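What the coordinates show
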Amino acid sequence: RTRTQGASLELRMADRKATAAHSAAPSAPPLDDLASAAPSAPLLDDLTYFSVEKKRLVRVADPQSKRGSVSGFTDYSVSTLLAGNEPITVRRRYSHFYWLREALQKTKPGFPVPSLPPKSRGISFKKTNVNRIGGLEMFINTVLFEPGLARTKAFKGFITFKGDFKEWQRKHEEALKTFDEITILTKSYPTELKVLANYKPPTQSDSRAIDNVDIIKITVFLKEYLKCLQQFVSEAKTAINRTKTTLNQAEDVKGALDDLNAQESVEPTKPADYERFDLGPIILKWKAIEESRTDSIEEMIDGFVRDIINTEGMLDAVAYRTSVAKKYKSIFKINDKWKAKPPKDDAGQLKKEQDEGRLRDLTTALDITDRVFIQLHTPKYFQDIQERFTFLARDFIKNQLHAAENLVKFWHEVKASMEEAASPKVFRQ
């Protein structure tokens, strides 16, 4: 049984969190109003600003295959329920989701942006889109609950703009060309992020800043954890497929028994005093119990997939940090050369001053990138894991125990039914 709606785990977690968070968290304005509310709104990393409420989830559904000017494509309905408003539904292609992710990375350099499901090829339309819808929905909802990403024009336009989205993209691309990542890091982040309150740039450059030990350790963990998650998801899906195969076989047996019932009702083949023990209801009840067990495993998989896309986003943030460190290393070496060989003319002096200014900017940019990653994104990442695992483990154990209790009760009922249907002598034999 496949779920095309996705985000089932987030819905259930939201229900449980909403009650506890509602009284403490200020109500968020509609996303459309965030642009005007931003100056007086809490800082971007004030996570209570976006209280976790079921009504603000985004739904991805209704894949439709369409013809393009060159080749065909598939688009999806993206429905968003904003606070105090009717749902806004737009249609977006996979390439639009891909564009959104890149735009978020440019707009918020160093922020972990969750990964997207792969663009599958060579698979049937139905299977591709059943698998992809859940991934796209998980991506867009993860972005929604990250205030720093959800407040961007790219995200708000993606979920609300109903006109020619290609033209809207073109205009936004023009705006993105004016964005300078170093300026965003050194000028915007210190005024927007609480972790950078009262921030003071480093007084001097240090080559040791290139290799941050804490980030190296976090990166090693992220890579190993990602491998474990992928292995678990693979093995869990294999186990579910085996169970589904068994359930399908049970369904075949049930069908054969129904056929036998129909045949015997028309042409009795047994003695008049024969009472056949009907296995049909027993099979159906057993199937329902087993399906409840696979449902809880699928919820675990949903949680681990959520961790996978977040972990891949964190690794992309590390990759961005590495790119800043390379620029810093390069300009650091250039300034070392100026110290060894001072300029001989005005043009050389001007170039030296420009390189020194670039080094100061990159020194600050690298320091801010490290601080934001270690003090903001890493704690939030582990907090999300802890909350999700607490919910998943409790729910999974509860569901599995309930299923086990039902199975024990079920087999006792089967045994009692068989004892009642057969004579003591026959049953003992």
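This section reports on the structure supplied with the text.

Across its full length, the chain holds twelve helices and three strands. Within the chain, the fraction of its 429 residues that count as buried is 42%. Per element, the accessible surface of the chain, about 24,200 Å² overall, is 55% carbon and sulfur.

Attention now moves to helix 3 (residues 94–107). Because an α-helix packs 3.6 residues into every turn, residues spaced three or four apart end up facing the same way. The end-to-end C-alpha distance of helix 3 is 20 Å, a good match for the 20 Å that 14 residues give at a rise of 1.5 Å each. Among the residues of helix 3, Tyr-94, His-96, Phe-97, Trp-99, Leu-100, Arg-101, Ala-103, Leu-104 and Thr-107 are the ones counted as buried.

Right, let's get into the pattern of salt bridges. One pass over the structure, following the stated rule, counts 21 salt bridges. Taking the shortest distance from any N to any O, the salt bridge between Asp-367 and Arg-371 comes out at 2.9 Å. You can see Asp-367 and its partner Arg-371 sitting in helix 11 (residues 346–421), four residues apart, about one turn around the helix. One salt bridge connects Lys-398 with Asp-395, and the closest N-O pair in it is separated by 3.6 Å. Of this pair, Lys-398 and Asp-395 both sit in helix 11, three residues apart, which is roughly one turn of that helix. Sharing partners across several salt bridges, the network here consists of Asp-62, Lys-66, Asp-75 and Arg-91.

Of note, Asp-62 is a non-glycine position whose phi angle comes to about 50°, a positive value. Judged by relative accessible area, which is 39%, Asp-62 ranks as partly exposed. Notably, Asn-198 is not glycine yet its phi reads approximately 60°, a positive angle. Mapping Asn-198 onto the fold places it in the loop between helix 8 (181–192) and helix 9 (213–266).

Inspection of the entire model under this criterion finds 15 aromatic pairs. On the basis of an interplanar angle of 15° and a centroid distance of 5.5 Å, the ring pair of Phe-165 and Trp-168 is categorised as stacked. Of the two residues, Phe-165 and Trp-168 both sit in helix 7 (residues 165–176), three residues apart, roughly one turn of that helix. Residue classification places Trp-168 among the buried positions, given a relative accessible area of 18%. Where Phe-232 meets Phe-304, the ring centres are 4.3 Å apart and the plane angle is 55°; that geometry is what we call tilted. Of the two residues, Phe-232 is situated in helix 9 and Phe-304 in helix 10 (residues 280–340); the sequence distance between them amounts to 72 residues. Residue placement shows Arg-92 over the ring face of Phe-158; its charged tip is 5.5 Å from the ring centre. If you follow Arg-93 out to its NZ or CZ, it ends over the ring of Phe-73, 3.9 Å from the centre.

In this section: the nonpolar core. Generally speaking, nonpolar side chains in soluble globular proteins are found buried as a group. Judged by nonpolar contacts, the single largest core of 53 residues is most densely connected at Val-60, Phe-97, Leu-100, Phe-139, Ile-140, Phe-155 and Tyr-189. With seven residues, the top contributor of residues to this core is helix 11. Once you skip the residues sitting within four places of it in the chain, Phe-139 turns out to touch Phe-97, Leu-100, Arg-101, Val-113, Pro-114, Ser-115, Leu-116 and Ile-309. With 22 residues, the next largest nonpolar core counts Ile-215, Ile-218, Ala-236 and Tyr-381 among its residues.

What follows deals with empty space enclosed by the protein. Here the structure, examined in full by the defined rule, presents one cavity of 30 Å³ or more. Taken as a whole, the largest cavity holds about 40 Å³ of empty space. Around the largest cavity, the lining residues are Pro-109, Gly-110, Leu-185, Tyr-189, Ile-368, Thr-369, Val-372, Phe-373 and His-377. Element by element, the count of residues in the lining of the largest cavity is highest for helix 11, at five residues.

Reading the values: the criteria
- Residues numbered from 1 in each chain as written.
- Predicted model: local features only at pLDDT ≥ 70, side-chain atom pairs only at ≥ 80, totals over all residues.
- Heavy atoms only, no water.
- Helix = DSSP H or I, 4+ residues; strand = E, 2+ residues; numbered from the N terminus.
- Buried < 20%, exposed > 50% of the residue type's maximum accessible area, 1.4 Å probe, protein only.
- Areas by Shrake-Rupley, 256 points an atom, 1.4 Å probe, with all protein chains shown as cover.
- Expected span 1.5 Å × (residues − 1).
- Salt bridge = Lys/Arg side-chain N within 4 Å of Asp/Glu carboxyl O.
- Phe/Tyr/Trp six-rings, centres within 6.5 Å; stacked < 30°, edge-to-face > 60°.
- Lys NZ or Arg CZ within 6 Å of the ring centre and 35° of its normal.
- Core = buried A, V, L, I, M, F, W, Y, C linked by side-chain atoms within 4.5 Å.
- Contact = heavy atoms within 4.5 Å.
- 1 Å grid on protein atoms, 1.4 Å probe; cavity = no way out; pocket = protein on both sides within 12 Å on 5 of 7 lines; lining within 4 Å.
- Points joined across faces, edges and corners; volume = space filled by probe spheres on them.

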